[in-house]
Amino acid sequence: RRTQRGVEGGVMTSVGDELPLAHIKRIVKTKLTELMNELGPDKSGKAQDGYVQKEALLAFGEAAKIFIHCLTHTSNDICRDGRRQTISVDDVFRAVEELEFAEFTEPLKLALEAFKKDAAAKTAKKTDAANRKRKATEDTADGDDGEEGGD
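Notes on the structure follow. (Residues numbered from 1 in each chain as written. Predicted model: local features only at pLDDT ≥ 70, side-chain atom pairs only at ≥ 80, totals over all residues. Heavy atoms only, no water.)

**Regarding the packing of helix 2 (residues 54-81) against helix 3 (residues 89-98)**
Note the cut-off: Lines fitted to the C-alpha atoms define the axes, with helices restricted to the stretch that makes contact. Angles between their N-to-C directions range from 0 to 180 degrees. We count a stretch as a helix when DSSP gives it H or I for four or more residues in a row; a strand needs E for two or more, and each element gets its number in order from the N terminus. We call a crossing left-handed when the near helix sits turned anticlockwise from the far one by less than a right angle, and right-handed when that turn is clockwise. By definition in these notes, contact holds between two residues if any of their heavy atoms fall within 4.5 Å. Classes in brief: Ala, Val, Leu, Ile, Met, Phe, Trp, Tyr, Cys and Pro nonpolar; Asp, Glu, Lys and Arg charged; the others, Gly included, polar.
Contact pair helix 2 / helix 3: the axes reach a minimum separation of 8 Å and the direction vectors enclose 115°. Taken as a pair, helix 2 and helix 3 cross one another with a handedness that is right-handed. Between helix 2 and helix 3, the contacting residues are Leu71, Thr74, Ser75, Ile78 and Cys79 on the first element and Asp91, Val92, Arg94, Ala95, Val96 and Glu98 on the second. Classifying every residue of the contact of helix 2 with helix 3 gives 6 nonpolar, 2 polar and 3 charged.

The following block contains the structure:
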């Protein structure tokens, strides 16, 4: 799908590269709930609720998109300085630090490790299920061969 690119307020934007609003809402609401729980219950003893306007969600989405564009640009510069064409995870970590968000490097690394472990576990589970299915199919086929020769 082709996108039109334009410059708005000095930032390169693309039509068609919006982040899914449902994902943004889930992320914002999760963090907002966490923050509200830190405040404790209200006067009546109920957990406090936090609300977000739809326009605020759109602003979160645009801010995230702009951050991704800046991070991509900086990561690409680091990659090119290393005379490479493919951005690596280390390029992204260095870009995060270069953009003066160094305090996020360690949580980012931990999240990446957790993602890798989760992905490996899912792969192992699928492989195990496929092996059990293959073995069951082989056992069934072996059982069929034994019944035919019993006359």
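Now that the structure has been shown, the text picks up again.
**With respect to the side chain of serine 75**
What counts is decided by this rule: Between buried and exposed lies partly exposed: a residue is buried under 20% and exposed over 50% of the maximum accessible area for its type, with that area taken using a 1.4 Å probe on protein chains only.
As for its placement among the helices and strands, serine 75 is situated in helix 2. The class of serine 75 is buried, set by a relative accessible area of 2%. Serine 75 has contacts with Ile87, Asp91, Val92 and Ala95, leaving out every residue within four places of it along the chain.

**Some words on helix 2**
The line we're drawing: Here, expected helix span is obtained from the residue count minus one, scaled by 1.5 Å.
With 28 residues, helix 2 should reach 40 Å at 1.5 Å per residue; the first-to-last C-alpha distance of 41 Å fits that figure. All buried positions along helix 2 are accounted for by Leu57, Gly61, Lys65, Leu71, Thr74, Ser75, Ile78 and Cys79. Arginine 83, located one to two residues past helix 2, shows a positive phi value of around 55°.

**A word on the packing of aromatic side chains**
In plain terms, the rule: Between 30 and 60 degrees the pair is tilted, below 30 it is stacked and above 60 it is edge-to-face, where a pair is any two Phe, Tyr or Trp rings, Trp via its six-membered ring, whose centres lie within 6.5 Å.
Scanning the model with the defined rule gives 2 aromatic pairs in all. Here the aromatic rings of phenylalanine 67 and phenylalanine 101 are separated by 5.3 Å at their centres, their planes lie at 85°, and the arrangement is edge-to-face. Pair noted here: phenylalanine 67 is in helix 2 and phenylalanine 101 is in the loop between helix 3 and helix 4 (105-148), with a separation of 34 residues, a long-range link. Three or more aromatic residues joined by ring pairs form one cluster here, namely Phe67, Phe101 and Phe104.

**Some thoughts on unusual backbone geometry**
Positive phi, normally seen in glycine, also occurs at arginine 83, with a value near 55°. By the secondary structure assignment, arginine 83 is in the loop between helix 2 and helix 3. Look at arginine 83 and you get exposed, because its relative accessible area is 77%. Phi is positive for glutamate 100, close to 65°, though the residue is something other than glycine.

**What about the packing of helix 1 (residues 21-39) against helix 2?**
We apply this condition: Throughout, the term roughly parallel applies to angles under 35 degrees, roughly antiparallel to angles over 145, roughly perpendicular to angles from 65 to 115, and oblique to all others.
The geometry of helix 1 relative to helix 2 is characterised by a closest axis approach of 10 Å and an angle of 100° between their N-to-C directions. As judged from the angle between their axes, helix 1 and helix 2 are roughly perpendicular. Note on element contacts: helix 2 touches helix 1 through Lys54, Leu57, Leu58, Phe60 and Gly61, opposite Leu21, Ile24, Lys25 and Val28. Here the residues of the contact of helix 1 with helix 2 sort into 6 nonpolar, 1 polar and 2 charged.

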